[in-house]
Structures are given as structure tokens and as C-alpha cells.
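Here is how the chains run, residue by residue.
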Amino acid sequence: MSATPPEPGDAKSRQAEWSRAPERSNMLALRVICAIAILCGRPLTRLILHPISLYFLLFSPTPRRHIKRYLFRAIGPKAGWADGYRLLHAFASTVLDRLYFLRGRMDLFDIRVFGNAPVEVEVNAGRGAFMLGAHVGSFEALGACKHRAGAPADLRPAMVMYPDNAQQINAVLNAISLPELRPHMIALGRPHSMLDLRDWLDSGGLAGLLADRTLAGPEEAGQQRGSSIEVPFLGRPALFNDGPFRLAALLRRKVFFMAGLYVGGARYDVLFEPLADFSERASDPAERERRIRAALEAYVARLEALCRAYPYNWFNFHDFWLEDPH
């Protein structure tokens, strides 16, 4: 029996429940794993990821249920326990690799960058680059772009994010990372967030925002404007917030899709694709709304294509389609 469809206002609040969920982290365990990673190296530390992934697969029934629903839609009915394990292991791998990225160990990885030329044009022109991604793969893999031969020397990535849901693991990783490699953070949910983002872009910086989650409302999002729009995603309607696109339109920026995909082993593929162009002012409000809606639909279509091509890279372990009884 399917769950009763939620009321529109209630749906946005329910989809934002991820931001209120307590993080399942143990500070001592995180510090121990980080110490092992630094002392023993990546190949040996990766062995620990197997029991960790198996533990969460067996003893986290609610995330497991959401993972199963997602994999059924991304892969098909043949998806089973092994696929759930592969997804959790890929997630654990990207979390571990964050440590090495933040310590400058790019030599440990085979990172291939695609579609970066238009982004670098914007950076070289002093306009910065406004990039939208998702909880796919690793944002830190984007840092490899500035180590690529011929890349602009002043590539400066910033993460535009909601900072309060993973404080423990972020605190540990920040404590052991090299300060010059730590991405700049622009916090969502603050009165000055938009001004900070504008100034960062005007200085030629890169700003990346993960646009596949919704905040509950103005009281939690720091008066972030935007509406939750129902868009088909992997065969079922899902809510996506158009706030990031309204922000890009307000700042009059080109928007690029970004993803740092974990392919397996030590391989990451970093992708950039032009998504929308808000650099020209819309002729009237109706035209602006049409362009925002078109950009949102293009974003969802690109995310869906990535989920089907790389199904073990999407890390949203909550009730994304709002199917649980309220």
C-alpha cells in the first residue's frame, strides 16, 4: 500500500528532514580511522571500509530502505544487497579520500578532467564560475583541476553548503588538512550568504553548490528564496528547489553542472558541462521564470543520466521521494 501523498507545504518540510537528522558518527572512531589512514596509507586503510560498509548495510534499516528504493529506480528490479553494499562502499571510499585530497596527496589518484575549458574562460575573465552539483562522488576531487598542466594558477574553489549536519567529520578532516588545500566555505542559512557568494565570484573564484537537497524554509535557510518544484526523476515525481537557479539569475551568472565521480579504485572523473546562462537580464518576469524552470529541468535531467550511468555515486540516504508514512 502506497503512502498518502503529502500536502505541498508539508512535503517541503519533510524533504528537508535530512538537515535535522543526527549524524551517525563517533568522534573517537573518526580520529582512529584518520590516524590509521595517515600512518598506514590508502591501500591498507581501504580494507577497513569493508566491515564499515557491511555494518551500515546490516544495522541501518532506514537508510537501507531508501537506498533500495533509489537503486530499484537507477538500476532496475535486479538491484539487491550487493548493489547496496557497493553504494555504501563507494560512499565510504570518497569520505576516506577526502582526507588524502585535503592533505595534497593527488599522486595517489588517477583523476581525469573533462569539459573544464568553458569554466576556465569565466575564471580568466574575472567573472568566476557558479557550479551546481549533487551529492554525487566527491567535491574535493575538483581540487585536482588546479594541479592539471596548463590550468590557471589562481583556481580557488569554494563550497556553498549547509554546514550543520556533518560537524563531527568536517571538524576532524579540517583539523588534519593542509590549510592551503582546504576549500573555502560559504555557509548557507546566513543573512550575508548571498553577498559572500557575490564577492567570491567577483574575485574570480569557483563556487560549487549541491542542489539536490531542500532546506525547510526561510527560518532555516537564512531567508533563502526559492520554491520546491515537482519534477520527474528516475521515473517518479520528486521535489527540487529552484533557489540555486534564482540565485544565479539574481547574480547574472553562467551556471555549470559539476561532478567528481568515483569510478573505482583510485580513479575519479571530474566533469563540467554548461547548464544555463543568466548573464543577460530577462526581458520580463515571465521570461525569467521560464528560464529558471528550464535550467532546473536541465539540471534534473543531467543528474538522472549520471545516476543511471554511475548508480553507486549518488549519496542521498533519506526519504527523497517522500514515500514513508508521515
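Residue numbers here run from 1 along each chain, matching the order of that chain's written sequence. Selection of residues for local features in this predicted model requires a pLDDT of at least 70, selection of side-chain atom pairs for listing and counting requires 80 or more, and totals for whole chains, interfaces and linings are taken over all residues. With hydrogens and water excluded, all non-hydrogen atoms of the structure serve as input to the side-chain values.

The protein is annotated in an unreviewed UniProt entry as Acyl-CoA synthetase from Variovorax ginsengisoli. Of the protein, the UniProt comment under Subcellular location (unreviewed entry) reads exactly: "Cell inner membrane". UniProt positions are given in the numbering used here, feature names are shortened, and annotations may be inferred rather than shown by experiment.

Caption draft 1: Summary view of the overall build of the protein. Only runs of H or I of at least four residues qualify as helices and only runs of E of at least two qualify as strands under DSSP, and these elements are numbered from the N terminus. Of regular secondary structure, the protein possesses twelve helices and nine strands. Looking at the protein residue by residue over its 326 residues, the buried ones come to 49%. In what follows, a contact means two residues having at least one pair of non-hydrogen atoms within 4.5 Å. Put simply, 78% of the contacts in the protein that link residues at least 6 apart link residues at least 24 apart. Surface exposure here means Shrake-Rupley accessible area, sampled with a 1.4 Å probe, where a residue is shielded only by the protein chains that are shown. Counting every atom, the protein has about 15,600 Å² of accessible surface; 58% of that belongs to carbon and sulfur. Relative accessible area decides the class of each residue, using a 1.4 Å probe on protein chains only: under 20% of the type maximum gives buried, over 50% gives exposed, and in between gives partly exposed.

Caption draft 2: How the structure looks around the sheet that holds strand β5 (residues 206-210). Strand order in the open sheet formed by seven strands is β1-β9-β8-β2-β5-β3-β4, with mixed pairing between adjacent strands. Lying at the two open borders of the sheet, with one neighbouring strand each, are β1 (110-114) and β4 (184-187). Neighbour-to-neighbour, the strand axes of the sheet open up by a mean angle of 25 degrees, direction not taken into account. Pairing between two strands requires that DSSP report at least two bridges joining them. In terms of strand pairing, strand β2 (residues 129-133) meets strand β8 (residues 254-264) through three bridges, oriented parallel. The residue bridging Leu 132 from the neighbouring strand is Phe 257, located in β8. Note on definitions: angles span 0 to 180 degrees between N-to-C directions of axes, and those axes are lines fitted to C-alpha atoms, for helices only across the stretch in contact.

Caption draft 3: Layout of the pairing of β5. The buried fraction of β5 amounts to four of the five residues, a majority that puts the element mostly inside the structure. Pairing analysis gives five bridges linking β2 to β5, with the strands arranged parallel. Looking at β5, one finds that Gly 133 is bridged to Leu 210. Where strand β3 (residues 157-161) and β5 come together, four bridges link them in parallel fashion. The partner of Ala 158 across the bridge, within β5, is Ala 207.

Caption draft 4: Structural detail: the nonpolar core. If you look at the biggest cluster of nonpolar residues, it comprises 84 residues, and the most contacted ones within it are Phe 233, Phe 240 and Tyr 299. Among all residues touching Phe 233, those that are not within four sequence positions of it are Ala 238, Phe 240, Val 300, Leu 303, Glu 304, Cys 307, Trp 314, Phe 320 and Trp 321. Buried Ala, Val, Leu, Ile, Met, Phe, Trp, Tyr and Cys residues that are joined via side-chain atoms within 4.5 Å together make up what is termed a nonpolar core.

Caption draft 5: Molecular detail of the confidence of the model for the protein. Looking at the protein as a whole, the pLDDT averages 84, with 81% of positions reaching at least 70. Known as pLDDT, the predictor's per-residue confidence is scaled from 0 to 100. Segment residues 1-5: pLDDT under 50, and three contacts once partners within four positions in sequence are set aside and those in other chains are kept. The low-confidence segment residues 216-224, where pLDDT is below 50, has 13 contacts with residues more than four positions distant or belonging to other chains.

Caption draft 6: Quick look at helix α7 (residues 117-124). Turning to α7, its buried residues number three or more, namely Val 119, Glu 120, Glu 122 and Val 123. The buried side chains of α7 occupy one side of the element, clustering within an arc of 155 degrees when seen end-on. The inward-facing, buried residues of α7 abut β2, β5, β8 and β9 (267-277). Of the residues trailing α7, Gly 126 is marked for its positive phi of about 80 degrees. The arc in question is the one traced by the directions running from the helix axis out to the C-beta atoms.

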